Amino acid sequence: MTDTKQITFRIRRYDPDLDTIPHWEEHKLNVPDGMTVLEALQEIKAEQAPTLAWRSSCRMGVCGSCGMFINHLPMLACQTQVLHLGTDVVTVAPLPNYDNVKDLVPNLEPLIQKHAAIKPFIILTNSKEIDEPTGEFIQTPEQRDEYSQFTFCIKCGLCLAACPTVATDPLFLGPQALAQAYRYTVDNRDCGLQERLEAIDAFHGPYQCHMAGACSQACPKGVDPAFGIQLLKRTLVLDSIGFGKKKSSVAKVMPLADIVKQIEEFAPPPRTVGK
Ligand code: FES
């Protein structure tokens, strides 16, 4: 039989239809090695608290929906093993810096709105190549490395929950959106900085960042949004004094015929059975 340890879960409960303010509820559970906070919540819900609400989906740290405030730190419940926390009492609350919908469910709408505001997509000044593609956009590994780490963002919102600036200025665009603004702006295929300026180069933009670095510590994917914000500031300053990177209105494309030729050159020789 697997060894277990009894853990007390202090869970913050709030039902807007029944409660005027949130309250704490305690549940004891025998936790085996390897059990995640998400699995513990599932067991508590099944056996002790049938109305307990939270948000989760993939159970493997990919969808970003199970962010919670676990032992006073923003974490993904599905990636956090209970016994690794090293405490006999585990507190679980909804993410701070968001409105609370119910129990452990935060309202992530501001996160999504801020993300949308920075236009998180490649913007071309001439859309002809998008409408009628003649080939693939060329990007060297070095060009991709400039923004690669920021593509790992899963939009879980933990960085906003950790950010002391968001706590005092809810309109601050925040680490997620600003790091993504840098991700797209630095992409050699993108020409959208001027279109993004209205959202980014504003009072609630990157210059509000106090460089606390809490966002980078909270990110479950190893992204460094605090660094992204500093790089974005540099990009904006250089652009404002005319030293921004010049990009062509249409990124260079590799003709389809050349792509086929490259594939043929690198294709392994056909396999022959029995030789
Ligand atoms: S359930 Fe998808 S990240 Fe946790």
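One numbering rule holds for all chains: residues counted from 1, following each sequence as written. The predicted nature of this model means local features are confined to residues of pLDDT at least 70 and side-chain atom pairs, given and counted, to a pLDDT of 80 or more, with totals for whole chains, interfaces and linings taken over all residues. In computing side-chain properties, one takes all heavy atoms of the structure into account and sets aside hydrogens as well as water.

Below, the discussion takes up the pattern of salt bridges. Every case where a carboxyl oxygen of Asp or Glu lies within 4 Å of a side-chain nitrogen of Lys or Arg is listed as a salt bridge. If you walk through the whole model with that rule in mind, you get seven salt bridges. Its salt-bridge partner being D88, residue K5 comes within 2.9 Å of it at the nearest N-O pair. Remark: D88 occurs in the loop between strand 4 (73-76) and strand 5 (89-93) and K5 occurs in strand 1 (residues 4-13); sequence separation between them is 83 residues. Given the relative accessible area of 40%, K5 is considered partly exposed. Using a 1.4 Å probe on the protein chains alone, a residue whose accessible area is under 20% of its type maximum counts as buried, one over 50% counts as exposed, and one in between counts as partly exposed. Given the relative accessible area of 45%, D88 is considered partly exposed. Between R13 and D103 there is a salt bridge whose closest N-O contact spans 3.1 Å. Highlighted residues: R13 in strand 1 and D103 in the loop between strand 6 (100-102) and strand 7 (105-106), separated in sequence by 90 residues. No difference in accessibility class separates R13 from D103, as the two residues are buried. Strands are runs of DSSP state E lasting at least two residues, helices are runs of H or I lasting at least four, and both sets are numbered from the N terminus onward.

Another point: the packing of aromatic side chains. Planes of paired rings set the category: under 30 degrees apart is stacked, over 60 is edge-to-face and the rest tilted, where pairs are Phe, Tyr or Trp rings (Trp by its six-membered ring) whose centres lie within 6.5 Å. For the coordinates displayed, the defined rule picks out one aromatic pair. Distance and angle both matter: a charge sits over a ring if NZ of Lys or CZ of Arg is within 6 Å of the ring centre and within 35 degrees of the ring normal. Residue placement shows R183 over the ring face of Y184; its charged tip is 4.0 Å from the ring centre.

Estimates place the volume of the second largest pocket at around 150 Å³. Lining the second largest pocket, in full, are N97, Y98, D99, N107, P110, K114, L160, V166, A167 and P170. The set of elements that each furnish at least two residues to the lining of the second largest pocket consists of helix 2 (109-117) and helix 6 (164-168). Looking at the lining of the second largest pocket residue by residue, the classes come out as six nonpolar, two polar and two charged. There are two domains that each give the lining of the second largest pocket at least three residues, and those are domain 1 (4-106) and domain 2 (109-254). Throughout, the protein atoms alone are placed on a 1 Å grid, and a set of points is a cavity if a 1.4 Å probe fits but cannot get out or a pocket if it is open with protein on both sides within 12 Å along at least five of seven lines; lining residues have an atom within 4 Å of a point. Grid points are joined across faces, edges and corners, and a volume is the space filled by probe spheres set on the points. Note that Gly is not counted as nonpolar here; it falls among the polar residues with everything else outside the nonpolar set of Ala, Val, Leu, Ile, Met, Phe, Trp, Tyr, Cys and Pro and the charged set of Asp, Glu, Lys and Arg. Segmentation of the chain into domains, including their bounds, is taken from an automatic or database domain assignment.

This part is about a nonpolar patch on the surface. Nonpolar side chains collect at one region of the surface, where Y207, V237, L238, I241 and F243 lie side by side and expose about 500 Å² of accessible area between them. Mapped onto the fold, L238 is located in helix 10 (residues 225-240). Judged by its relative accessible area of 34%, L238 falls in the partly exposed class. Patch rule: a residue counts if its relative accessible area is over 30% and it has no salt bridge; like charges are joined within 9 Å, and nonpolar side chains (Val, Leu, Ile, Met, Phe, Trp, Tyr) within 5 Å. All accessibility values rest on the Shrake-Rupley procedure with a 1.4 Å probe; residue burial counts only the protein chains present in the view.

Think of an α-helix as turning once every 3.6 residues; residues three or four places apart then point the same way. All of the buried residues along helix 2 are L111, K114 and H115. In a view along the axis of helix 2, the buried residues occupy a sector of 100°, so they form one face of it. Contact partners of the buried residues in helix 2: helix 5 (158-162) and helix 7 (174-185). One or two steps after helix 2, the chain reaches K119, where phi turns positive at roughly 55°. Read the arc as the range of directions from the helix axis to the C-beta atoms. A contact between two residues is defined here by any heavy atoms of the two lying within 4.5 Å.

All right, on to the packing of helix 7 against helix 10 then. Relative orientation of the contacting elements helix 7 and helix 10 amounts to 55°, with a least axis distance of 8 Å. Regarding the angle of helix 7 to helix 10, the classification is oblique. Once helix 7 is placed against helix 10, the crossing between them reads as left-handed. Note on element contacts: helix 10 touches helix 7 through P225, G228, I229, L231, L232, R234 and T235, opposite P175, L178, A179, A181, Y182 and T185. Here the axes come from fitting lines to C-alpha atoms, over the contacting stretch only for helices, and the angles between their N-to-C directions go from 0 to 180 degrees. When describing relative orientation, an angle under 35 degrees is termed roughly parallel and one over 145 degrees roughly antiparallel, while 65 to 115 degrees is termed roughly perpendicular and anything else oblique. Whether a crossing is left-handed or right-handed is set by the direction in which the near helix is turned from the far one by less than a right angle, anticlockwise for left-handed and clockwise for right-handed.

Let us now look at the nonpolar core. Buried residues of nine kinds, namely Ala, Val, Leu, Ile, Met, Phe, Trp, Tyr and Cys, make up a nonpolar core once their side-chain atoms join them within 4.5 Å. Core analysis: the biggest nonpolar cluster contains 61 residues, and F9 and V92 have the highest contact counts within it. Each of domain 1 (4-106) and domain 2 (109-254) accounts for three or more of the residues forming this core. Residues within four places of F9 in sequence aside, it is in contact with E25, E26, H27, L29, V31, A40, I44, V82, V90 and V92.

It is at 9 Å that the axes of helix 2 and helix 7 come closest, and there the two elements cross at 20°. Judged by the angle between their axes, helix 2 and helix 7 are roughly parallel. Between helix 2 and helix 7 the crossing geometry is right-handed. Touching L111, K114 and H115 of helix 2 are Q176, A177 and Q180, all from helix 7. Residues belonging to the contact of helix 2 with helix 7 are distributed by class as follows: two nonpolar, three polar and one charged.

None of this, on its own, says anything about what the molecule does.
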